[in-house]
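Listed below, chain by chain, are the residues.
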Number of protein chains: 2
Amino acid sequence: MTDQLSNPGRRRAMMTGGSLVALTGWSGLAGADGVRVDPAAKKTASGAKALPDYAQWKDADAMIVHSANTIEQKRSAFGASTITPSDRLYVRNNLNPPDASIVQDPDAWMLEVQGVGQPRSLSLAELKTLGLQSVTMVLQCSGNGRAWFPHGPSGTQWTVGAAGCVVFTGVPVKAVVQALGGVADGMVYMTGTGGEIIPEGLDPKTVMIERSVPLEALDNAILAWELNGEALPLAHGGPLRMVVPGYMGVNNVKYVKQLAFTKDQSPAKIQQTSYRFSPVGVKGTPEFPSLWEMPVNSWITHPFEPGQSAKAGRVQISGVALGGTHEVKQTEVSVDGGKTWLQASYIGPDMGPFAWRTFTLGVDLKPGKYQLVSRTTNAAGKVQPEHREENERGYNNNSWLDHGFELEVV
Amino acid sequence: MTDQLSNPGRRRAMMTGGSLVALTGWSGLAGADGVRVDPAAKKTASGAKALPDYAQWKDADAMIVHSANTIEQKRSAFGASTITPSDRLYVRNNLNPPDASIVQDPDAWMLEVQGVGQPRSLSLAELKTLGLQSVTMVLQCSGNGRAWFPHGPSGTQWTVGAAGCVVFTGVPVKAVVQALGGVADGMVYMTGTGGEIIPEGLDPKTVMIERSVPLEALDNAILAWELNGEALPLAHGGPLRMVVPGYMGVNNVKYVKQLAFTKDQSPAKIQQTSYRFSPVGVKGTPEFPSLWEMPVNSWITHPFEPGQSAKAGRVQISGVALGGTHEVKQTEVSVDGGKTWLQASYIGPDMGPFAWRTFTLGVDLKPGKYQLVSRTTNAAGKVQPEHREENERGYNNNSWLDHGFELEVV
């Protein structure tokens, strides 16, 4: 049997040029008139942090290491191929990951299932006998785009790179529930508990990773052991992760050790008061909406970046568009900050309602100043708004204005 | 700008268990009654070769190195997530790759276009302004499955691993042709020429990589600079590759330096006499069919492998199914060598007509001997045959019997 842990020195030196875009140079970032500054870019310019041990296999050139548990993909490192390579996928952990030994024998991992007809523990080996499903989906941190909130919410200052589109494969939660006699009567939530080690001396409820989502999320949820065709790495929740397509990253519980159908939401702090959409100045409490479904969003990734200047001529502007829990319907691009819009085309196969799509639009740019923005509408008719909805912790930023940037063409 | 060449030491130590299946042990490979032996597995058992420099970034544990220019993915390393990770994608070069310096500045790569209204050279930077398209497609060597031809054709003894399903992104050839005044009158073929260095003292025609495909292939062809969301690596034809969805691997010319619309097929040996479907004992000549479109095919990848035994109980049998130039319509699985068939389900989103799909079927296996096979039908009604069509060089093996294997359940 192959065991990648036994070969930690496997090298990955991609013989490529590394970047897909023709850059003509960088304009000054600071103080340039109206130039939207990418805070993350400034941060790396001042000295990049090293990848943590558990994520050493990431493409360091493609990532911004905010901290050992918050690693963002650079905007310039997004591809146009729909799928985000695993080694460029962002990482966000609310607690340190468990020891890497848990992925040495994935099939031995145990999951406790509660709130069903016949509650019991199942090994991952047994879960693999119950069904197989894969889903191509956007994985995104609720705080993606936080860097643009003017009140300076605490938390990682993500711009666009706390998101990726990946293929998760595992067993449908439905199949597991069916094998265990169905959901028990009266249950309203599906609750996953992570396998992180709770630091000694702390009240578990204040730090444990336990998230509840509405029972309806059961329809698309899977218990995943594979990411993009390889065994799920520790950095992304291996050996087993609860995957809830269309829901914000935090609901996709890593190293899931318990799946419970419950009458109430988890009592954990991360459910009760964290990840709540509360007004600026107001702390999160259960009365405010939980960060569940993702909103419609989009951003330009090529061939320009914030802070850049370019040569006049023909260009293909492209980016990614996601519809949340519905497929995308249309994406428009504006080069004049939203005064006029042109409809972009989607490229490549539609990988399902939870995937994002790459959009593209060919335009001729003469010398001058441009404000590049994109705006997406999903199949449910939700349109990406011009302005973010302000909130205390800087969640759910899908403002098309924030995601855009100025470009000087010479 | 990111330059991955400047960081050759980037490590990739995936913190995973490495394998997705629960194996219960290996039965003896040699001499077991009726057990189908995987020749590639025998070869690696006798001592694995090292990955060549240009492919050092591959996942060594997932690959079988036949030679520096023929590297196969292990059957056990296939995932169920449709997309083959780049670091597990097979490699087959007919000539040594050019120097890695060609991918250091991809945008400077030049492509000569002939047989159009206004023939000229274009840089990759210019190609990027003309359009953007991506395609999810099977890339497969014509000789995949050669190991099962009983007459022992020369060439690499591939079993199933000279194939993968990947996302290529680039400019539609149609858009390039349109920008250059359309295809010139009377042209019948689309001909790509590779940028390999021709060894001194040899007649270029005998070694050059130049392949012609029918003009109709233009409809789906792209000039690709991205593979699975990253700049196209040298090992897979970077900085620029001609990609012809639905056509055998050899037609997807790497490091493409010339694209020509021609009245005749290329005079190169690789077109005229190699890659021809000739009877056993007869050398290839232009009168025999060229290896162009891929036939319908499928094979089981999980949870068993050839030569394996297993414990009785419930299992999910899964594998990959490809339709060639048409989408797959149905895949059946038999555990009794084709006496009775059960219809498998496809999982995950359909990624288009040129992609493969993962199929799955849950069965209960009692102790005994089984012959596991799969059979796919595509949307054009083509059914995978029981027996391979014999031919001199061992091409196009899509026999469901050959791709199957015996399993002992205890």
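All values reported here derive from a predicted model rather than from experimental measurement.

J.: Before we go on, may I ask you to explain the overall build of chain A in this structure?
T.: Across its full length, chain A carries 6 helices and 22 strands. In chain A, of all internal contacts separated by at least 6 residues, the share reaching a separation of at least 24 is 72%. Surface summary for chain A: the accessible area is close to 14200 Å², and the carbon and sulfur share equals 51%.

J.: Help me out: how do you make sense of the pattern of salt bridges in this one?
T.: Any two side chains of opposite charge can pair, on the condition that their charged atoms come close. If you walk through the whole model with that rule in mind, you get 19 salt bridges over all chains. Here E332 of chain A makes a salt bridge to R375 of chain A, at a shortest N to O gap of 3.1 Å. Taken together, the residues span a long stretch of sequence, with E332 of chain A in strand β17 (residues 328-334) and R375 of chain A in strand β21 (residues 368-378) at a distance of 43 residues. Taken together, the shared-partner salt bridges connect D59 and R88 of chain A together with E230 of chain B into one network.

J.: Looking at this structure, how should I read the environment of Q133 of chain B?
T.: Residue placement: Q133 of chain B occurs in strand β6 (residues 133-140). For Q133 of chain B and A224 of chain B, which are 91 residues apart along the polypeptide, the C-alpha to C-alpha distance reads 8.8 Å. Apart from the residues within four sequence positions on either side, Q133 of chain B is in contact with I347 and G348 of chain A together with F168, T169, G170, P172 and I222 of chain B. Engagement of the side chain of Q133 of chain B in a polar contact is seen with the backbone nitrogen of G348 of chain A, the distance being 2.7 Å.

J.: Just to check I follow, could you spell out the confidence of the model for chain A for this structure?
T.: Note: predicted coordinates in regions of low pLDDT should not be interpreted at a detailed level. All names here are of chain A. The predicted model of chain A has a mean per-residue pLDDT of 90, with 89% of residues at 70 or higher. For residues 1-46, every residue scores under 50 in pLDDT, and the model assigns this stretch 154 contacts once sequence neighbours within four places are set aside. Of the two predicted TM-score estimates for the complex, the pTM is 0.89 and the ipTM is 0.88.

J.: What is the right way to read the sheet that holds strand β22 (residues 405-409) of chain B from this model?
T.: For sheets, the rule is that strands pair by backbone hydrogen bonds, running either parallel or antiparallel. All names here are of chain B. Reading across from one edge, β15-β22-β21-β17-β18 is the order of the 5 strands in this open sheet, with mixed pairing throughout. The sheet is open, and its two borders are formed by β15 (309-310) and β18 (342-343), each paired with just one other strand. As defined by bridge partners, β15 adjoins β22 across 2 bridges and the pair is classed as parallel. The residue bridging A310 from the neighbouring strand is V409, located in β22.

J.: What exactly am I supposed to notice about the nonpolar core here?
T.: Nonpolar side chains tend toward joint burial in soluble globular proteins. W299 and W356 of chain A together with W299 and W356 of chain B are the most contacted members of the largest nonpolar core, which has 54 residues in total. Elements with a contribution of two residues or more to this core: β7 (163-172) and β16 (313-322) of chain A together with β7 (163-172) and β16 (313-322) of chain B. Those residues in contact with W356 of chain B that lie beyond four places of it in its chain are F78, T82, T84, V138, A163, G164, C165, W299, V320, A321 and L322 of chain B. Membership of the second largest hydrophobic core comes to 50 residues, among which are A55, V103, L122 and Y255 of chain B.

J.: What should I look at first to understand the domain arrangement of chain A in this one?
T.: All names here are of chain A. Taken domain by domain, chain A holds domain 1 (100-272) and domain 2 (297-409). Computed from C-alpha coordinates alone, the two centres of domain 1 and domain 2 are separated by 30 Å. With 25 residues of domain 1 at the contact, the number on the domain 2 side is 21 residues. Interface of domain 1 and domain 2: buried area, both sides summed, is about 1900 Å²; carbon and sulfur atoms make up 61% of it. In terms of surface lost to domain 2, no three residues of domain 1 exceed T136, W148 and F149, which account for 28% of the buried area on that side. Across the contact surface, domain 1 and domain 2 share 0 salt bridges. Joining domain 1 to domain 2, the criterion identifies 9 residue pairs in polar contact (both at pLDDT 80 or more). Of all the elements in the fold, those that place two or more residues in the side of domain 1 that touches domain 2 are β6 (133-140) and β7.

J.: Which parts of the structure should I look at to understand the state of the cysteines?
T.: Disulfide: a covalent bond connecting the sulfur atoms of a pair of cysteines. The final tally for this structure, using the stated rule, is 0 disulfides over all chains. Unpaired in terms of disulfides, C165 of chain A finds its nearest cysteine sulfur in C165 of chain B, a separation of 15 Å. A residue is classified by how much of its surface remains accessible, and C165 of chain B, at 0% relative accessible area, is buried.

J.: I keep staring at the environment of P98 of chain B and nothing clicks. Help me out?
T.: All names here are of chain B. Examined against the element boundaries, P98 turns out to sit in the loop between β3 (91-92) and β4 (110-114). In this structure, the C-alpha to C-alpha distance between P98 and Y54, residues 44 residues apart in sequence, is 9.8 Å. Not counting chain neighbours up to four residues away, the residues in contact with P98 comprise G195, E196, L234 and Y255.

J.: Even after reading the chapter, I still don't get the sheet that holds strand β2 (residues 70-73) of chain A, so can you show me in this structure?
T.: Residues and elements named next belong to chain A. Strand order in the open sheet formed by 3 strands is β1-β2-β3, with antiparallel pairing between adjacent strands. Two strands in the sheet have a free side with no partner beyond their single neighbour: β1 (63-67) and β3 (91-92). Two strands pair when backbone bridges link them, and β1 and β2 are joined in this way by 4 bridges, in the antiparallel orientation. The residue bridging V65 from the neighbouring strand is I71, located in β2.

J.: I keep staring at the packing of aromatic side chains and nothing clicks. Help me out?
T.: For any two aromatic rings, the description comes down to two numbers: the centre-to-centre distance and the angle of the planes. Counting across every chain of the model gives 14 aromatic pairs over all chains. With 6.4 Å between their ring centres and 40° between their planes, Y189 of chain A and W292 of chain A make a pair best called tilted. A residue pair is termed long-range when its members are at least 10 positions apart, and Y189 of chain A in strand β8 (residues 189-194) and W292 of chain A in the loop between α5 (269-272) and β14 (297-302) qualify at 103 residues. Neither residue differs from the other here; Y189 of chain A and W292 of chain A are each classed as buried. Where F78 of chain B meets W299 of chain B, the ring centres are 6.1 Å apart and the plane angle is 80°; that geometry is what we call edge-to-face. With F78 of chain B in the loop between β2 (70-73) and β3 and W299 of chain B in strand β14 (residues 297-302), this residue pair connects regions lying 221 residues apart in the sequence. Classification of F78 of chain B by relative accessible area gives buried; the value is 2%. The class for W299 of chain B is buried, based on a relative accessible area of 0%.

J.: What is the right way to look at the pairing of strand β9 (residues 210-214) of chain B in this model?
T.: Regular strands place side chains that alternate from one sheet face to the opposite one. All names here are of chain B. The element β9 is extensively covered by neighbouring structure, given that 5 of its 5 residues are classed as buried. Where strand β8 (residues 189-194) and β9 come together, 5 bridges link them in antiparallel fashion. What sits directly across from T193, in β9, is E210.

Rules used throughout
- Residues numbered from 1 in each chain as written.
- Chains lettered and ligands numbered in written order.
- Predicted model: local features only at pLDDT ≥ 70, side-chain atom pairs only at ≥ 80, totals over all residues.
- Heavy atoms only, no water.
- Helix = DSSP H or I, 4+ residues; strand = E, 2+ residues; numbered from the N terminus.
- Contact = heavy atoms within 4.5 Å.
- Areas by Shrake-Rupley, 256 points an atom, 1.4 Å probe, with all protein chains shown as cover.
- Salt bridge = Lys/Arg side-chain N within 4 Å of Asp/Glu carboxyl O.
- Polar contact = N/O pair within 3.5 Å; in protein donor to acceptor, adjacent residues only side chain to side chain.
- pLDDT = per-residue confidence, 0-100.
- Pairing = 2+ DSSP bridges.
- Core = buried A, V, L, I, M, F, W, Y, C linked by side-chain atoms within 4.5 Å.
- Buried < 20%, exposed > 50% of the residue type's maximum accessible area, 1.4 Å probe, protein only.
- Domains from an automatic or database assignment.
- Buried area = accessible area lost by both parts, 1.4 Å probe.
- Disulfide = S-S within 2.5 Å.
- Phe/Tyr/Trp six-rings, centres within 6.5 Å; stacked < 30°, edge-to-face > 60°.

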